[in-house]
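Structural overview
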Amino acid sequence: MIDGFGRIIDYLRVSVTDRCNLRCRYCIQPDEVKWLRHDEIVTFEEIIQVVKIAVGMGMNKVRLTGGEPLVRRDICTLVAEIARIDGVDDLALSTNGVLLEQMAFSLARAGLKRVNVSLDTTDAERFRDLTRGGDISRVFAGIAAAKAAGLEPIKLNCVVGGPCQHSDLLSVQRYAIAQKLELRTIPFMDFAAGRFSVISGSSRGDCSRCNRLRLSSDASIRPCLFSDLSFSIRELGVERALRLAIELKPESGGRCSHNWMHGIGG
Ligand code: SAM
């Protein structure tokens, strides 16, 4: 699929839930957050329908995200169903790693190819503080299990700035080198101010190379993370929502009024 600015759109990110088992300071403000009702959350049937139609339109890469995708019940069933769709060449998942130890082998068996793990520090106390209560030993065990299950290449996503300190980044850099993992830094985005920025080693932030659409956890297609444009598949139907998102995908990100990374999937 080619959009109005000549960009090839071949990458679909699917936020399978707005729920998360961590409360990262830069992402979720527990006092302000309004969780989706269960009937509002995108169903597996809807996700499969969107992937099938998107693949029919020429998309071939799918990433599951959230919230935390591994807290969605029966996520391995969804992975298996997507993996079976002809034309999905790359099926990946972004996770905080907390539940990866017990799920890595089932995910690989279901057809998942690889994982990105968010890791903003390797210091146990700093991790507990940044995530408001997370246990870093779960993440290390999850990464080891992902390696053993062959969910590679494993990439680490590390937020820099905001509540994350330079010493946190240095600790993750050392860990990435020791573990032979690829590291991508993500500049802290201040959604309160509607600011966005570039992610090294990815097209994110470089709008002229943006190849993605998002299916958010409220069953809407979003053409740009830094825009409020959103097309409900329930109101418009899947095909029309996808076509409108491609037709109206902005040339570049602008201001957005949402602070909903955990619902859209980052
Ligand atoms: N739970 C999964 C995880 O931890 O990777 C997937 C969802 S999480 C919302 C996706 C990405 O968004 C993570 O890499 C996280 O670091 C990033 N993110 C969330 N809020 C952010 C912010 N304000 N600035 C920069 N990155 C942010």
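Quick caveat: nothing in here was measured; it's all calculated off a predicted structure.

What follows is about the sheet that holds strand β5 (residues 155-160). Note on sheets: strands pair through backbone hydrogen bonds, and any given pair is parallel or antiparallel. Here 9 strands make up an open sheet; going across it, the order is β6-β5-β4-β3-β2-β1-β7-β8-β9 and the pairing mixed. Every other strand in the sheet has two partners, leaving β6 (182-187) and β9 (231-232) as the edge strands with one partner each. Sheet topology places strand β7 (residues 212-215) next to strand β8 (residues 220-222); 2 bridges connect them, and they run antiparallel. Bridge pairing in β8 places Leu 215 opposite Ile 221.

Let us look at the confidence of the model for the chain. Averaged over all residues, the pLDDT of the chain is 93; the fraction at 70 or higher stands at 95%. Scored below 50 in pLDDT, residues 197-203 makes 22 contacts in the model with residues more than four places away or belonging to other chains.

Let's shift gears to helix α3 (residues 100-110). Buried within α3 are the following residues: Leu 100, Met 103, Ala 104, Leu 107 and Ala 110. Viewed along the axis of α3, the buried residues span an arc of 135°, placing them on a single side of the element. Seen from the open side of α3, the exposed residues pointing more than 90 degrees away from its buried face are Gln 102 and Arg 109. Looking at the packing, one finds that the buried side of α3 touches α2 (75-83), β3 (90-95), β4 (114-118) and α5 (136-148).

Moving on: the site of the ligand. Taken together, the neighbourhood of the ligand is formed by 18 residues, with Tyr 26, Gly 67, Glu 68, Ser 118 and Met 189 sitting nearest. Asn 96 is positioned such that a nitrogen or oxygen atom in its backbone is 3.5 Å from an oxygen atom of the ligand. In the environment of the ligand, an oxygen atom lies 2.6 Å from a nitrogen or oxygen atom belonging to the side chain of Ser 118. Protein chains shield 95% of the accessible area of the ligand, which is 550 Å² for the free molecule. When residues of the shell around the ligand are traced back to their parent elements, those giving at least two are β3, β5 and β6. The class makeup of the residues in the shell around the ligand is 8 nonpolar, 9 polar and 1 charged.

Before going further, it helps to examine the packing of aromatic side chains. Overall, the coordinates contain 1 aromatic pair when judged by the stated rule. The interplanar angle of 35° and the centroid separation of 5.1 Å between the aromatic rings of Phe 140 and Tyr 175 together place this pair among those described as tilted. Residue Phe 140 is found in helix α5, and its partner Tyr 175 is found in helix α6 (residues 166-179); the two are separated by 35 residues along the sequence. By relative accessible area, Tyr 175 is classed as buried at 13%.

The subject of this paragraph is the packing of α2 against α3. Packing of α2 against α3 leaves a shortest axis separation of 8 Å and a crossing angle of 25°. In terms of orientation, α2 lies roughly parallel with respect to α3. In this structure, α2 crosses over α3, and the sense of that crossing is right-handed. When α2 is examined against α3, the residues Ile 75, Cys 76, Val 79, Ala 80 and Ala 83 are found in contact with a partner set consisting of Met 103, Ser 106, Leu 107 and Ala 110. For the contact of α2 with α3, the class distribution of residues is 8 nonpolar, 1 polar and no charged.

On to α6. Here α6 is 14 residues long and its end C-alpha atoms lie 20 Å apart, about the 20 Å a rise of 1.5 Å per residue gives. Elements that come into contact with the buried residues of α6 comprise α4 (124-130), α5, β5 and β6.

The next subject is the environment of Asn 116. Considering the arrangement of structural elements, one finds Asn 116 in strand β4. Of the residues examined, Asn 116 reaches a relative accessible area of 3% and is grouped as buried. Sequence spacing of Asn 116 and Leu 93 is 23 residues, and the spatial spacing of their C-alpha atoms is 6.3 Å. In this view, Asn 116 contacts Arg 63, Leu 93, Ser 94, Thr 95, Lys 155, Asn 157 and Arg 184; residues no more than four positions away in its chain are not counted.

The rules behind these values
Residues numbered from 1 in each chain as written. Predicted model: local features only at pLDDT ≥ 70, side-chain atom pairs only at ≥ 80, totals over all residues. Heavy atoms only, no water. Pairing = 2+ DSSP bridges. Helix = DSSP H or I, 4+ residues; strand = E, 2+ residues; numbered from the N terminus. pLDDT = per-residue confidence, 0-100. Contact = heavy atoms within 4.5 Å. Buried < 20%, exposed > 50% of the residue type's maximum accessible area, 1.4 Å probe, protein only. Arc of directions from axis to C-beta. Near = heavy atom within 4 Å. Polar contact = N/O pair within 3.5 Å; in protein donor to acceptor, adjacent residues only side chain to side chain. Areas by Shrake-Rupley, 256 points an atom, 1.4 Å probe, with all protein chains shown as cover. Nonpolar A, V, L, I, M, F, W, Y, C, P; charged D, E, K, R; others polar. Phe/Tyr/Trp six-rings, centres within 6.5 Å; stacked < 30°, edge-to-face > 60°. Axes fitted to C-alpha atoms, helices over the stretch in contact; angles between N-to-C directions. Parallel < 35°, antiparallel > 145°, perpendicular 65-115°, else oblique. Left-handed = near helix turned anticlockwise from the far one by under 90°. Expected span 1.5 Å × (residues − 1).

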